[in-house]
Amino acid sequence: MTEPCPCGHPLPYSRCCGALHDEYDRSGHLTAPDAEALMRSRYSAFVKDRRDYLMATWHPRTRPRQLDAPEPGLRWLGLDVLSHRLLDEDHAEVRFVARSKLGGRAHRLTENSRFEKINGEWLYVDGDIA
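Draft legend 1. Summary view of the sheet that holds strand β1 (residues 75-88). Taken together, four strands build an open sheet; the order of strands is β1-β2-β3-β4 and the sheet is antiparallel. In this open sheet, the two edge strands, each paired with only one partner strand, are β1 and β4 (121-129). The sheet shows a mean angle of 25 degrees between the axes of neighbouring strands, direction not considered. Sheet contacts for helix α2 (residues 35-48): β1, β2 (91-102), β3 (105-118) and β4; angle to β1, the most-contacted strand, approximately 160 degrees.

Laid out in structure tokens, this is it:
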């Protein structure tokens, strides 16, 4: 049985976000074809606790020094991409809702995220929580 992709895309993880994670592991290159694919792969990286991938996909101007481990018991429940807007060849925005549960309480994070393509690789810049 194939593992479903955490990002909610109908492709299995190995052919969706897992393929992007694996290519980064093999080559050190980010291969997301657009900002939405990168955002989906980042959500899946949060689910899989792939902090290395999250740091690599963060724009150097806004990247934190480190990412802490997720809180014990945190469960990611799903992702809904609300919009993906290409602003120009190297800039895009993605609006999404990520759902999680911690300590018996459900949480929803709605964010308008900004992305920039540098040297052919899409990177997460920052976002506004709505």
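Draft legend 2. Spotlight on the layout of surface pockets. The space that makes up the largest pocket amounts to roughly 360 Å³. Lining the largest pocket are 16 residues; nearest its centre among them are Phe46, Trp76, Phe96, Leu109 and Glu111. By residue number, the principal contributor to the lining of the largest pocket is α2, which donates four residues. Here the residues of the lining of the largest pocket sort into twelve nonpolar, two polar and two charged. Of the voids in this model, the second largest pocket is the one considered here, and its volume is about 240 Å³. In terms of lining residues, the second largest pocket is bounded by 14 residues, among which Asp68, Ala69, Pro70, Glu71 and Leu74 are the most central. Only α3 (51-56) and β2 provide two or more residues apiece to the lining of the second largest pocket. The residue makeup of the lining of the second largest pocket, split by class, is eight nonpolar, two polar and four charged.

Draft legend 3. Geometry of the packing of aromatic side chains. If you walk through the whole model with that rule in mind, you get five aromatic pairs. When the ring of Tyr24 is compared with that of Tyr53, the centres are 5.8 Å apart and the planes differ by 80 degrees; the resulting orientation is edge-to-face. Here Tyr24, found in helix α1 (residues 17-27), pairs with Tyr53, found in helix α3; they are 29 residues apart in sequence, far enough to count as distant. With respect to burial, Tyr24 and Tyr53 carry one shared label: buried. When the ring of Tyr43 is compared with that of Trp76, the centres are 5.6 Å apart and the planes differ by 80 degrees; the resulting orientation is edge-to-face. A residue pair is termed long-range when its members are at least 10 positions apart, and Tyr43 in helix α2 and Trp76 in strand β1 qualify at 33 residues. Relative accessible area serves as the criterion here: at 5%, Tyr43 is assigned to the buried category. Exposure remark for Trp76: the relative accessible area of 27% places this residue in the partly exposed category. The rings of Tyr43, Phe46 and Trp76 are connected pair by pair, giving a single aromatic cluster. A cation over a ring is seen here: Arg42 above Trp58, with NZ or CZ 4.8 Å from the ring centre. The ring of Tyr13 has Lys48 sitting right over it, with the charged end atom 4.5 Å from the ring centre.

Analysis parameters
- Residues numbered from 1 in each chain as written.
- Predicted model: local features only at pLDDT ≥ 70, side-chain atom pairs only at ≥ 80, totals over all residues.
- Heavy atoms only, no water.
- Pairing = 2+ DSSP bridges.
- Helix = DSSP H or I, 4+ residues; strand = E, 2+ residues; numbered from the N terminus.
- Axes fitted to C-alpha atoms, helices over the stretch in contact; angles between N-to-C directions.
- Contact = heavy atoms within 4.5 Å.
- 1 Å grid on protein atoms, 1.4 Å probe; cavity = no way out; pocket = protein on both sides within 12 Å on 5 of 7 lines; lining within 4 Å.
- Points joined across faces, edges and corners; volume = space filled by probe spheres on them.
- Nonpolar A, V, L, I, M, F, W, Y, C, P; charged D, E, K, R; others polar.
- Phe/Tyr/Trp six-rings, centres within 6.5 Å; stacked < 30°, edge-to-face > 60°.
- Buried < 20%, exposed > 50% of the residue type's maximum accessible area, 1.4 Å probe, protein only.
- Lys NZ or Arg CZ within 6 Å of the ring centre and 35° of its normal.

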